[in-house]
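Report on the structure
Residue-level listing of the chains:
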Amino acid sequence: MPVFQSSGGSARVTLGLWALPALVAVLAWLPQWRFRTTPAGLGGGPSGGRPLVKVYRHVLAWQVMGFMGLQSLIYYSALSWLPILLRDRGAGAVHAGGLLALMNLGNAVTALLAPMLAQRARDQRWLIAATVTISAGGLAGLWFAPLAGAPAWTLLLGLGQGAALGLAIYFHRRAGARPGDVPPRCRRSPRGGGYLVATAGPLMVGFLHAVTGTWTTSVLAMLVVIALGGAVGWQAARARTLPQRA
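Small disclaimer: the values here were computed from a predicted structure and weren't measured. (Residues numbered from 1 in each chain as written. Predicted model: local features only at pLDDT ≥ 70, side-chain atom pairs only at ≥ 80, totals over all residues. Heavy atoms only, no water.)

Helix and strand content of the chain: 10 helices and 0 strands. Of all 246 residues assigned to the chain, the portion counted as buried reaches 37%. Surface summary for the chain: the accessible area is close to 13500 Å², and the carbon and sulfur share equals 69%. (Helix = DSSP H or I, 4+ residues; strand = E, 2+ residues; numbered from the N terminus. Buried < 20%, exposed > 50% of the residue type's maximum accessible area, 1.4 Å probe, protein only. Areas by Shrake-Rupley, 256 points an atom, 1.4 Å probe, with all protein chains shown as cover.)

Let's shift gears to the pattern of salt bridges. Under the defined criterion, the tally for this structure stands at 1 salt bridge. The salt bridge involving Arg125 is made with Asp123; its shortest N-O contact spans 3.0 Å. (Salt bridge = Lys/Arg side-chain N within 4 Å of Asp/Glu carboxyl O.)

Moving on, we come to the side chain of Asn107. Tracing the sequence through the fold places Asn107 in helix H5 (residues 93-120). The residues touching Asn107, leaving out its near neighbours within four places in the chain, are Tyr75, Gly158, Leu159, Gln161 and Gly162. (Contact = heavy atoms within 4.5 Å.)

Take the layout of surface pockets next. Roughly 170 Å³ of volume is contained in the second largest pocket. For the lining of the second largest pocket, the secondary-structure elements that each account for two or more residues are H5, helix H6 (125-144) and helix H7 (150-175). Top contributing element to the lining of the second largest pocket by residue count: H6, with 5 residues. Of the residues assigned to the lining of the second largest pocket, the class counts are 10 nonpolar, 3 polar and no charged. (1 Å grid on protein atoms, 1.4 Å probe; cavity = no way out; pocket = protein on both sides within 12 Å on 5 of 7 lines; lining within 4 Å. Points joined across faces, edges and corners; volume = space filled by probe spheres on them. Nonpolar A, V, L, I, M, F, W, Y, C, P; charged D, E, K, R; others polar.)

All chains considered together, the criterion is met by 4 aromatic pairs. Between Phe67 and Phe171, the aromatic rings sit 5.9 Å apart at their centres with planes inclined by 50°, giving tilted as the arrangement. Highlighted residues: Phe67 in helix H4 (residues 59-88) and Phe171 in helix H7, separated in sequence by 104 residues. The residues Phe67 and Phe171 share a single accessibility class, namely buried. Seen in terms of ring centroids, Tyr75 and Tyr76 are 5.2 Å apart; in terms of plane orientation they differ by 65°. Their pairing is edge-to-face. A residue is classified by how much of its surface remains accessible, and Tyr76, at 34% relative accessible area, is partly exposed. Put simply, the rings of Phe67, Tyr170 and Phe171 pair up and form one aromatic cluster. (Phe/Tyr/Trp six-rings, centres within 6.5 Å; stacked < 30°, edge-to-face > 60°.)

Right, let's get into a nonpolar patch on the surface. The grouping of Leu23, Val26, Leu27 and Leu30 at the surface amounts to a nonpolar patch, some 380 Å² of accessible area in total. Looking at the secondary structure, you find Leu23 in helix H3 (residues 19-29). A residue is classified by how much of its surface remains accessible, and Leu23, at 48% relative accessible area, is partly exposed. (Patch = residues over 30% accessible without salt bridge, like charges linked within 9 Å, V, L, I, M, F, W, Y side chains within 5 Å.)

Glancing now at the environment of Leu165. Considering the arrangement of structural elements, one finds Leu165 in helix H7. Between the alpha carbons of Leu165 and Asn107 there is a distance of 8.4 Å; along the sequence they are 58 residues apart. Not counting the four nearest positions on each side in its chain, Leu165 is found in contact with Gln71 and Tyr195.

A few words now on helix H9 (residues 200-212). Taking 1.5 Å as the rise per residue, H9 with 13 residues should run 18 Å; its terminal C-alpha atoms sit 18 Å apart, in good agreement. Within the sequence span of H9, burial applies to Gly201, Val205 and Gly206. For H9, the angular spread of buried residues about the axis comes to 120°, placing them on one side. Among the exposed residues of H9, those pointing more than 90 degrees away from its buried face are Leu203, Phe207, Ala210 and Val211. Just beyond H9, the residue with positive phi is Gly213, at close to 75°. (Expected span 1.5 Å × (residues − 1). Arc of directions from axis to C-beta.)

Counting residues in each nonpolar core, the largest one holds 43 residues, and the members touching the most others are Phe67, Leu86, Ile128, Leu139, Leu167 and Phe171. Only H4, H5, H6, H7 and helix H10 (216-236) provide two or more residues apiece to this core. The element that contributes the greatest number of residues to this core is H4, accounting for 11 residues. Leaving out residues up to four positions away in the same chain, Phe171 has contacts with Val64, Phe67, Gln124, Ile128, Gly233, Ala236 and Ala237. (Core = buried A, V, L, I, M, F, W, Y, C linked by side-chain atoms within 4.5 Å.)

What follows is the structure, given as structure tokens:
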């Protein structure tokens, strides 16, 4: 919003700023372009090599995918609609935008911290329970508690979301972490499916708000998704790995 105002209301300038991080990422990636070799032992085709694991045959892969998808669904829904929800509660445009930035700050902190805690914990299920509780508390507080406490509730929601993302990625890597390792292409499959699930989030939240005329139904639906994600994550958190062979 500050950029939009300082540019005289230019949406092109404001949205164009998003191209800068993408440009930096491209420049950072260009030196890697020359490394286009295939690791030995992968493929499983006529030329030999270890066959890829068919992850869709394993319950663990579906659990990991489900947790990734549901936690991402909540994040993208909040990212899309949180400022509008806060505006409808009476927050100013700049205040609402600042709270969205605060949410992402919380995301960054626990997305880095949660995998380190998971690596050191003997049982990651307590981390799932804490993550679900924090996320649900933050989201519920944003809508049902007084607006004056919005910064605290927003930060709490961000901390929960970041922890969920860090744990989801940790579960993906742990599922294949055993001698010989599962091919990286195999490990990516549940992650891609999870993001496909997440695409329904912003549409679902917006549709419920448009139909009911209130954010209460949307928030309650998101709380249900958080609870479902916790149930699936509880299963994905168990110390198991995918097999090495198809």
